[in-house]
Amino acid sequence: MRPNYFVFCEGDTEVKYVEMLRSQFRCPIHIIPKKTLLNITPALVERCKATYMQTGKDKTFLMYDLDVPTMLKRLKKVPNATLLCTNPCFEIWLLLHEKDQKAPISSEMVVKELMKSSEVWKGYTKSVLTRNQQIALEKNLDTAVGRAKLLTEFQNPSTGIYKLIEMLKETIRK
């Protein structure tokens, strides 16, 4: 049996992105959105996972923005979870598909830069990924992974989403 991937996340855009990954990689990815918000605890994570048939090889991922000062401290308390933190916001991951971003940047500026980065992102709206945007994300995935790996984890800018991508690719190879 292939492992389950439990992805806890806070925003609608993240949900759309993980749904796209589930379709692209055809893996058992379970999205657990918004329930947790700032109140994420180890007990809550276990309660949410308990509603699914689990295997011994399951993986838990926490996909959260680090725009709330206490968020990283809370996330680190969840044992055996892979942190997919984005700083300042999820859109930094989308931006890395189009361009390198090494200087600190605000959430507002990340969205502006994303919308300027390519024709496909001009009309970007949070919580929506158009088919053309999904195609661009799939096409530039390896580039984004490479760029993300060069950033310092948890610092602005950074994202750990590449860790999920690498695990999904590894699962597909097996």
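Throughout what follows, the structure given in this document is the object of discussion.

About the cut-offs
- Residues numbered from 1 in each chain as written.
- Predicted model: local features only at pLDDT ≥ 70, side-chain atom pairs only at ≥ 80, totals over all residues.
- Heavy atoms only, no water.
- Salt bridge = Lys/Arg side-chain N within 4 Å of Asp/Glu carboxyl O.
- Helix = DSSP H or I, 4+ residues; strand = E, 2+ residues; numbered from the N terminus.
- Buried < 20%, exposed > 50% of the residue type's maximum accessible area, 1.4 Å probe, protein only.
- Phe/Tyr/Trp six-rings, centres within 6.5 Å; stacked < 30°, edge-to-face > 60°.

This part covers the pattern of salt bridges. Note on pairing: side chains with opposite charge can pair once their charged atoms come close. Using the criterion set out here, one finds 13 salt bridges in the structure. When the shortest N-O distance is used, the salt bridge between Lys49 and Glu46 registers 3.5 Å. With Lys49 and Glu46 both in helix 2 (residues 42-49) and three residues apart, this pair spans about one turn of that helix. Taking the relative accessible area as the measure of exposure, Lys49 reaches 9% and is therefore buried. Residue classification places Glu46 among the partly exposed residues on the basis of a relative accessible area of 43%. The partner of Lys126 in a salt bridge is Glu91, with the nearest N and O atoms 3.1 Å apart.

With that out of the way, let us pick up the packing of aromatic side chains. By the definition in use, this model includes five aromatic pairs. Arranged with centres 6.5 Å apart and planes meeting at 80°, the rings of Tyr17 and Trp93 form a pair that is edge-to-face. Placement of Tyr17 in helix 1 (residues 12-25) and of Trp93 in helix 4 (residues 91-96) is noted, with a sequence separation of 76 residues between them. Comparing Tyr17 with Trp93 shows no difference in burial state: the two are buried. Pairwise contacts between aromatic rings join Tyr17, Phe90 and Trp93 into one cluster.

The analysis is restricted to geometry; functional conclusions fall outside its scope.
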